[in-house]
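# What the coordinates show
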Amino acid sequence: MNGTFDFGEAQNTALHYVSLAAAQVQRVPGSAIALRYIKSSYQNDPVRSAVELFLFLFAVRYLLAPTYSTLKSAHVPLTEDEIDELVEDWTPEPLVAAQTTFEEAENEKRPIIVGPTGPKSRLSTGRTVTNLATQNHYNFLSSAVLKDRAISTLRTYGVGPCGPPGFYGTQDVHMKLEADIASHLGTAACIIYAQSFSASSSVIPAFSKRGDIIVADRAVNYAIRKGLQISRSSVRWYNHNDMADLERVLATTVKEQARKPLTRRFIITEGISETCGDILDLPALVALKHRYKFRLIIDECLSYGVLGRTGRGITEHTNVDATNIDMIIGSLSGALCAGGGFCAGSEDIVEHQRLAAPSYTFSAALPAMLATAASETIRLLQEQPDLFVQLRENIKTMRAQLDPRSDWAMCTSAPENPIMLLVFKPEVVESRKLGVQDQEGLLQDVVDECLANNVLITRLKSLPEGPADAWQPQPAVKVCITTGLSKRETEKAGIIIRHAITKVMTRKKAQSA
């Protein structure tokens, strides 16, 4: 056998195998087209063929490559001693800020009511005071009828359902209360919540999500603000109760969103402002809502049961059909002296909340006796219109002793509002150069002076501190009017409050001099 390498024989062998391979490839359907494409592509554009070959090889390499995790741990492993040392050095932030000196002094002097709350309440010190610090506007707390109904319901249903409404917490008295509120307001349906605070803070995020737009009054209460925060929506503010500024914000918002994807848009405000006491211009607001195509949410926690001929709230007071408002949020713990809150609207809006509202889904249902008490007070408001007449007469009597006669304070509340907010007049604040803390201190002195003369009132609590440019209400004292006092008793209490303001301010003036 010849050991030398025969180049000609090797070439012939290679050509033979290539011919065999070509013959096998040609047997594959469509192979002739692929080969012709490759040959023409190489002749016309060899760079393209090279790129395509690279991509083909990359795809084969990617498919055959082993899988690997993208969740590789990025932290540095620590020993047990290092972990213990870090834990010992860590100081958690407090859940709440430390009390200020002013807050500590206020808490030390805070009056404590012993026994039932009413127009005349007994304190832990043994003194009996005229109670103008609670929203017992119609003196329902002293109603024997309501007490008998509540006791009867307690004996029948027990203290509470101990379960969320969506599971086993809903009882027939809850369904009756929802029907009573919807019928009273003139809406298609209603849903009740176990707490009035959680109504606003739960309804808003149930409908408005991240990316949606909310246009809100700058002076909205704290419950609404929590709802806005939880919703994570884009919030635009307008000046308090200023319809011209609201229209400016709505027009700007619509213009900005013209070329963007469609989002849900809401207007949120209050029927009676908790921080200012004035009443919403609902007809103008409804007109803007329809013009710019926004949904409307109104918080009627203070106006439901107070405004209107039968206490239906801002809609009855301004003669606006309730169906023009998408969601009406109200409280059952204010003028109705029961407990819980509600949201009224269309059937779809109500049913959506039964699955999407956190405080309805995850909180225990309203106690049955509170639901019965609320239904009963709604019936009394509709059957006894004299209650509203007497309340408004007492409001006029109190205002006559305070707003026009005081040289130091003025009332920012509407004449129909039974919660009178008294603030220092602008000229007093300017001449005395009173800051917010100065006003808070003086008003607390007024509260203490009234208590010394057996009249219990309270201060308007400020909103929790936010950004430096966040809106804050002017410091004020709250005087809650009730039908449980006669006209003479109301007048006497008003005189005491006016004299207390004068005494505190003249004493302050003498100290400054």
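Scope of this entry: the structure provided in the associated data block. (Residues numbered from 1 in each chain as written. Predicted model: local features only at pLDDT ≥ 70, side-chain atom pairs only at ≥ 80, totals over all residues. Heavy atoms only, no water.)

### Thoughts on the side chain of aspartate 245
Worth spelling out the cut-off: Secondary structure elements follow DSSP: runs of H or I no shorter than four residues count as helices, runs of E no shorter than two count as strands, and numbering proceeds from the N terminus. Contacts are assigned to residue pairs that have any heavy atoms within 4.5 Å of one another.
As for its position among the elements, aspartate 245 is in helix α11 (residues 243-256). Residue contacts for aspartate 245: discarding those within four places in its chain leaves Tyr238 and Asn239.

### Some points on the packing of aromatic side chains
Under the convention used in this document: What counts as a ring pair is set by centres within 6.5 Å for rings of Phe, Tyr and Trp (its six-membered ring), and what kind of pair is set by the plane angle: stacked under 30 degrees, edge-to-face over 60, tilted for all other angles. Exposure categories follow from relative accessible area, calculated using a 1.4 Å probe and restricted to protein chains: below 20% of the type maximum is buried, above 50% is exposed, and the middle band is partly exposed.
Following the criterion strictly, the structure yields 5 aromatic pairs and no others. Centroid distance tyrosine 304 to phenylalanine 342: 5.1 Å. Interplanar angle 70°. Geometry classified as edge-to-face. One end of the pair, tyrosine 304, is in the loop between β8 (295-300) and α13 (314-318); the other, phenylalanine 342, is in strand β10 (residues 341-345), and 38 residues separate them in sequence. Phenylalanine 342 shares its class with tyrosine 304; the two are buried. Feature note: the residues Tyr138, Phe140 and Phe388 constitute an aromatic cluster, connected by ring pairs.

### Re the packing of helix α6 (residues 144-157) against helix α16 (residues 368-383)
Rules: Axis geometry follows a simple rule: fit a line to the C-alpha atoms, using only the stretch in contact for helices, then measure angles between N-to-C directions, giving values from 0 to 180 degrees. Here is the rule for angles: anything less than 35 degrees is roughly parallel, anything more than 145 is roughly antiparallel, 65 through 115 is roughly perpendicular, and the remaining ranges are oblique. For any pair of crossing helices, the crossing counts as left-handed if the nearer helix is rotated counterclockwise from the farther one by less than a right angle, and right-handed if it is rotated clockwise. Ten residue types, Ala, Val, Leu, Ile, Met, Phe, Trp, Tyr, Cys and Pro, are classed as nonpolar, four, Asp, Glu, Lys and Arg, as charged, and the remainder, Gly among them, as polar.
Orientation of α6 relative to α16, taken along the N-to-C sense of each, is 150°, at an axis distance of 8 Å. Judged by the angle between their axes, α6 and α16 are roughly antiparallel. The two elements α6 and α16 meet at a crossing, and its hand is right-handed. Where α6 approaches α16, its residues Val145, Leu146, Arg149, Ala150, Thr153, Leu154 and Tyr157 are matched on the opposing element by Ala368, Met369, Thr372, Ala373, Glu376, Thr377 and Leu380. Residue classes in the contact of α6 with α16 are distributed as 9 nonpolar, 3 polar and 2 charged.

### Things to note about a negative patch on the surface
For the record, the criterion: Every patch collects residues that have over 30% relative accessible area and no salt bridge, joining them within 9 Å if they carry like charges and within 5 Å if they are nonpolar side chains (Val, Leu, Ile, Met, Phe, Trp, Tyr). Each accessible area value is a Shrake-Rupley result obtained with a 1.4 Å probe; residue values ignore everything except the protein chains displayed when judging cover. Just to be clear on terms, a salt bridge is a Lys or Arg side-chain nitrogen sitting within 4 Å of an Asp or Glu carboxyl oxygen. Charged residues are defined narrowly, with Lys and Arg counted positive, Asp and Glu counted negative, and His plus the chain ends left uncounted. The atoms used to mark charge sites are NZ of Lys, CZ of Arg, CG of Asp and CD of Glu.
On the surface, Glu80, Asp81, Glu82, Asp84, Glu85, Glu88 and Asp89 cluster together to form a negatively charged patch. Taking the relative accessible area as the measure of exposure, aspartate 89 reaches 57% and is therefore exposed.

### Side note on the pairing of β10
The condition is simple: Two strands make a pair as long as DSSP finds a minimum of two bridges between them.
In terms of burial, β10 is largely enclosed, as 5 of its 5 residues are buried. In β10, alternate side chains face the same way, and those of Gly341, Cys343 and Gly345 on one face and Phe342 and Ala344 on the other are all buried. Sheet analysis places strand β4 (residues 189-193) next to β10, joined by 5 bridges and oriented antiparallel. Across the sheet, residue tyrosine 193 finds its bridge partner in β10, namely glycine 341. In terms of strand pairing, strand β9 (residues 327-331) meets β10 through 5 bridges, oriented antiparallel.

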